[in-house]
Amino acid sequence: MCPHSPSCPSPDAKDREAARTIAAHPEQGWSLLCNGVVLFEDTGELLPDGVAIAPHRPTDLASSAA
Ligand SMILES: [Zn+2]
């Protein structure tokens, strides 16, 4: 799926968000990465196999730790 060389992280990699954006829809709040992951502006993700990842903003992590 990824046309880049070296190839971008796979959808199941921890750094999947490091893949390049191939379609950005800021007016709708999401963008499609070349590994098939849909990345939402609230940092939520939708993986190619239909798995949804909850938003994980650093601010959320900081507040839950406090
Ligand atoms: Zn790529």
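Residues numbered from 1 in each chain as written. Predicted model: local features only at pLDDT ≥ 70, side-chain atom pairs only at ≥ 80, totals over all residues. Heavy atoms only, no water.

## Details of the side chain of Glu45
For clarity, the cut-off: Strands here mean DSSP runs of E at least two residues long; helices mean DSSP runs of H or I at least four residues long; both are numbered from the N terminus. Relative accessibility thresholds used throughout: buried, under 20% of the residue-type maximum; exposed, over 50%; partly exposed, between the two (1.4 Å probe, protein chains only). Whenever two N or O atoms come within 3.5 Å, that pair is a polar contact, provided that in protein one can donate a hydrogen and the other can accept it, and provided that, for residues adjacent in sequence, both atoms are side-chain atoms. Residues count as neighbours in contact if any of their non-hydrogen atoms are within 4.5 Å of one another.
Note that Glu45 resides in strand β4 (residues 45-46). Glu45 sits in the buried class, given a relative accessible area of 2%. Engagement of the side chain of Glu45 in a polar contact is seen with the side chain of His56, the distance being 3.5 Å. Apart from residues no more than four positions distant in its own chain, Glu45 is found in contact with Arg16, Glu17, Val37, Val38, Leu39, Phe40, Val51, Ala52, Ile53 and His56.

## Focus on the coordination of the zinc ion
Which entries qualify depends on this criterion: Only nitrogen, oxygen and sulfur atoms qualify as donors, and only when within 2.8 Å of the metal (3.2 Å in the case of Na, K and Ca); with water excluded, sites may look incomplete. Angle rules define the geometry names used: all angles between 85 and 135 degrees makes four donors tetrahedral, while opposite donors over 155 degrees apart and all other angles between 65 and 115 make four donors square planar and six octahedral, leaving every other case irregular.
Protein coordination at the zinc ion comes from Cys2 (SG), His4 (ND1), Cys8 (SG) and Cys34 (SG), with a distance range of 1.9 to 2.4 Å. Here the zinc ion binds 4 donor atoms, and the angle range of 100 to 116° at the metal identifies the geometry as tetrahedral. Site description for the zinc ion: donor spacing in sequence, C-x1-H-x3-C-x25-C.

## Description of the pattern of salt bridges
Threshold: Between Lys or Arg on one side and Asp or Glu on the other, a salt bridge is scored when a side-chain nitrogen of the former is within 4 Å of a carboxyl oxygen of the latter.
Scanning the entire structure with this criterion turns up 1 salt bridge. A salt bridge links Arg16 to Glu45; the nearest nitrogen and oxygen atoms lie 3.2 Å apart. Placement of Arg16 in the segment before β1 (21-25) and of Glu45 in strand β4 is noted, with a sequence separation of 29 residues between them. Classification of Arg16 as buried rests on a relative accessible area of 15%.

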